[in-house]
Amino acid sequence: MLVRTQNLAKIYRQGKVETPALRGVDLAVEAGEFTAVAGPSGSGKSTLLHLIGGLDLPSEGEVWLEATRVDRLSRAERARLRLYKIGFVFQAYNLIPVLTALENAAFVLELRGMPPRERNRRAHEALQALGMAELANRRPSELSGGQQQRVAVARALAARPRLVLADEPTANLDKKTGLRLIETMRRLNREAGMTFVFATHDPRLLEHARRVVWLEDGRVVGEERR
Amino acid sequence: MIALAWRNLWRARARSLLTAGVVALVVALGLALLSFTWAAVNGYFATFTARIGHLVVRVENYEKRPLVERVFPAGTRAEVLRVLPGAGVEGRLLWPALVAGERRSEPALLTGLEPGGRLARSLLKGAPLEGGAVLGRALAVRLQKRPGDLVYLYLPEALGEGSGLLPVAATVELLEKNEERAFLALPLATASRLAAPGMVSELVIFLPGVVRFSQQARLELAQRRLSAALPGGLEVLRWDQTVPGLSGMVRVFHRMMLLFVGIFFLLAALILLNTVYLSLSERVREFGLLSALGMTPGRVFLLVYLETLMLTLVGALLGLLLGGAIHLRLARGFALPPEVAESYAEFGLPPVLYGELHRQDVLLVLLFALAAALLAAFWPAFLAARLEPARALRYVAA
Ligand SMILES: Nc1ncnc2c1ncn2[C@@H]1O[C@H](COP(=O)(O)OP(=O)(O)O)[C@@H](O)[C@H]1O
Ligand SMILES: [Mg+2]
């Protein structure tokens with residue numbers, strides 16, 4: 001078992017207003033899965049991914065990554081856990097604006113303390129796998145939205161984490177570009193054995209998922225395997 | 001990380017440059033102010049030591065002795081010159097006297113000076129000593145004497161003639177009015193004939209090349225060597241020992257200037273804080289991303305610090321260049337505006353001053369800059385490190 005959540009609940013508090021975003025989610029993800037978390041906007045997809053990745057702490061319940069209880073770790077320990085085991089791809093603003101595509105792809109490896117030559121080699125390979133090698137020296141502002149998302153995936157590929165969490169990675173892309181990105185992620189899942197959990201509310205992307213978990217109003221309301 | 005910090009700095013180029021400019025200005029201003037401070041201190045040093053010498057030889061426990069034991073042979077001069085070749089040595093004889101005018105007599109301190117010597121020049125401001133006695137203006141007024149008149153002197157306990165009738169050569173104004181009321185100068189030869197033939201109260205020593213307050217070590221060395229060579233019963237005092245308050249005042253003055261510079265840097269720190277904080281608030285989402293990618297709070301803290309330190313370093317280097325240039329200009333010699341110079345000349349500031357900077361001053365200014373950066377970066381760095389990544393990622397700039 002790679003990821004397991006148990007009775008996971010999250011209530012956002014803003015002054016006296018309480019917004020329940022998750023209400024008791026039990027989810028298990030095995031290594032090698034290509035799983036979609038689907039559901040309408042506001043159903044709690046982002047919250048779930050954030051809690052699994054230790055970006056936030058649950059109000060109740062447990063999050064396990066392999067043998068580690070994520071919600072019991074300190075802020076710094078959670079950051080370190082992400083550094084070595086979890087990759088993130090967000091909807092937008094995935095890249096550090098002042099770094100080139102290559103530097104962005106190598107950034108996690110740099111944080112891990114890998115020497116420049118080796119990390120650049122790996123980042124370059126990853127960019128190549130995503131068809132981005134020619135644009136390695138461009139800054140994010142010189143890349144299209146689809147290209148930026150590819151660099152973000154390349155960053156995850158170069159870092160080889162146990163788990164990649166992608167929060168609506170195609171939401172800002174046009175239909176064709178979005179489909180190509182999902183197909184590429186699926187290919188990496190098959191060929192490199194990377195585990196993906198991605199959130200989406202776009203039904204067309206779900207066809208590529210091997211497993212779909214349906215969220216509604218902070219609860220799991222259904223599940224499909226293909 | 002260093003490259004990242006550096007590039008982040010230049011995202012808001014105008015703001016960063018402006019802030020670096022402020023740091024540069026404060027560093028340059030600090031250096032210029034300190035250079036100027038030392039110039040003024042050296043000016044006063046030169047004036048004061050022209051009046052009291054760098055070193056003085058006198059009888060030990062001078063104050064506690066009876067008059068006749070306060071003098072020593074003028075021939076000691078040869079001994080001084082043997083130990084300190086090239087030094088200027090002038091004898092001075094001091095003896096209490098009663099000066100008789102037409103209607104009243106006044107007590108005075110008879111001062112025997114070498115005509116044409118440095119002491120005579122700095123004390124008498126050009127009044128001719130050769131023609132007889134030079135009286136303090138206030139004393140002359142009380143005695144109702146003018147140049148050309150005669151005064152009668154009586155010296156108690158004198159070893160020499162003890163009394164005499166002398167023409168008034170000139171009158172002179174002194175800075176200290178108390179001193180002026182009792183001032184009476186004679187050529188050293190005349191004074192010693194009256195008071196103590198062949199004797200002096202002090203040998204005042206001017207060391208060639210000593211023109212700065214900071215050359216104290218040379219004075220101490222000369223003092224030690226001379227003390228060892230002179231016969232017993234005599235002591236060698238440095239200028240700062242004869243007028244003990246003076247060097248303390250210089251130190252206080254210097255510290256006050258450092259305090260001013262420190263206050264400048266406090267203001268610079270506020271501007272730095274503003275810049276760092278602004279650039280942070282524009283990048284909340286990005287800090288969320290950094291955290292999501294695995295940057296620990298400690299490293300985030302460090303990143304903000306690095307950016308601030310680099311910005312300050314750029315500013316400090318520019319300031320060092322600018323301040324250095326200003327200092328070099330001051331070091332070649334500068335004059336104060338005439339109106340200012342005139343009012344300060346009274347207190348002994350020479351017309352041309354020479355800027356001077358000490359290594360400690362430069363280090364201290366750079367240290368101030370560093371402290372300003374450390375101070376300014378702390379709060380923003382702390383905030384950035386404490387950002388909740390999930391919240392930061394959802395952050396929409398207001
Ligand atoms: N920081 C927050 N403060 C208050 N409410 C929040 C916050 N983040 C999310 N929510 C609320 O929690 C619910 C779930 O949000 P989210 O996980 O973003 O859903 P999804 O990603 O499926 O659109 C929504 O009702 C949203 O308004
Ligand atoms: Mg969402």
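The structure contained in this document is the topic of the report that follows. Everything numeric here is computed off the predicted structure, so don't read it as measured data.

Rules and cut-offs
- The residue numbering used here restarts from 1 in each chain and proceeds along that chain's sequence as written.
- Each chain gets a letter, beginning with A, and each ligand a number, beginning with 1, in the order they are written.
- Thresholds applied to this predicted model are a pLDDT of at least 70 for local features of residues and 80 or more for the giving and counting of side-chain atom pairs; totals over whole chains, interfaces and linings are not thresholded and use all residues.
- Working from all heavy atoms in the structure, the side-chain values ignore hydrogens and water.
- To form a nonpolar core, buried Ala, Val, Leu, Ile, Met, Phe, Trp, Tyr and Cys residues must be joined to one another through side-chain atoms within 4.5 Å.
- Note on classification: 1.4 Å probe, protein chains only; a residue is buried when its accessible area is under 20% of the maximum for its type, exposed when over 50%, partly exposed between these limits.
- Per the convention used, a helix needs a DSSP run of H or I reaching at least four residues, while a strand needs a run of E reaching at least two, with both numbered from the N terminus.
- Contact definition: two residues touch when any of their heavy atoms are within 4.5 Å.
- Throughout, the term near means that a residue has one or more heavy atoms lying within 4 Å of the molecule or strand in question.
- Two N or O atoms form a polar contact when they lie within 3.5 Å of each other; inside protein one atom must be a possible hydrogen donor and the other a possible acceptor, and for residues adjacent in sequence the pair counts only when both atoms belong to side chains.
- For each structure, a 1 Å grid was placed over the protein atoms alone; sets of points admitting a 1.4 Å probe that cannot get out are labelled cavities, open sets with protein on both sides within 12 Å along at least five of seven lines are labelled pockets, and lining residues have an atom within 4 Å of a point.
- Any molecule with more than half of its atoms within 2 Å of a cavity's or pocket's grid points is regarded as sitting in that cavity or pocket.
- Each residue is assigned to one class: nonpolar for Ala, Val, Leu, Ile, Met, Phe, Trp, Tyr, Cys and Pro, charged for Asp, Glu, Lys and Arg, and polar for all the others, Gly among them.
- Grid points are joined across faces, edges and corners, and a volume is the space filled by probe spheres set on the points.

**Some points on the nonpolar core**
By size, the foremost hydrophobic cluster in this structure holds 76 residues, and its most contacted members are Leu48 and Phe107 of chain A. Per element, the largest residue contribution to this core is nine residues, and it comes from helix α10 (residues 244–281) of chain B. In this structure Phe107 of chain A touches Ile96 and Leu99 of chain A together with Leu4, Leu290, Leu293 and Met295 of chain B, once residues within four positions along its chain are discounted. Listed in part, the 53 residues of the second largest apolar core include Leu153, Leu194, Leu226 and Leu234 of chain B.

**So, the site of ligand 1**
The local shell around ligand 1 holds 13 residues, among which Gly42, Lys45, Ser46 and Thr47 of chain A together with Arg394 of chain B are the closest. The separation between an oxygen atom of ligand 1 and a polar main-chain atom of Ser43 of chain A is 3.2 Å. Here Thr47 of chain A contributes a side-chain N or O atom positioned 2.5 Å from an oxygen atom of ligand 1. Among the detected pockets, ligand 1 sits in the second largest pocket. When residues of the shell around ligand 1 are traced back to their parent elements, those giving at least two are β1 (3–14), β2 (17–29) and α1 (45–52) of chain A. Class assignment for the residues of the shell around ligand 1 results in three nonpolar, eight polar and two charged.

**Things to note about empty space enclosed by the protein**
Overall, the coordinates contain two cavities of 30 Å³ or more when judged by the stated rule. As a volume, the largest cavity reaches approximately 120 Å³. Around the largest cavity, the lining comprises 18 residues; the ones closest to its centre are Ser291, Pro297, Ala385, Leu387 and Pro389 of chain B. Per-element accounting of the lining of the largest cavity gives the leading share, four residues, to helix α2 (residues 75–85) of chain A. Residue composition of the lining of the largest cavity, by class: ten nonpolar, four polar and four charged. Surrounding the second largest cavity, 14 residues form its lining, Ile86, Gly87, Phe88 and Val108 of chain A together with Leu293 of chain B being those nearest its centre. Where the lining of the second largest cavity is concerned, the elements lending two or more residues are α2, β6 (86–89) and α5 (145–159) of chain A. Considering every element that reaches the lining of the second largest cavity, the biggest residue donor is α5 of chain A, with four residues. Split into classes, the residues belonging to the lining of the second largest cavity amount to ten nonpolar, one polar and three charged.

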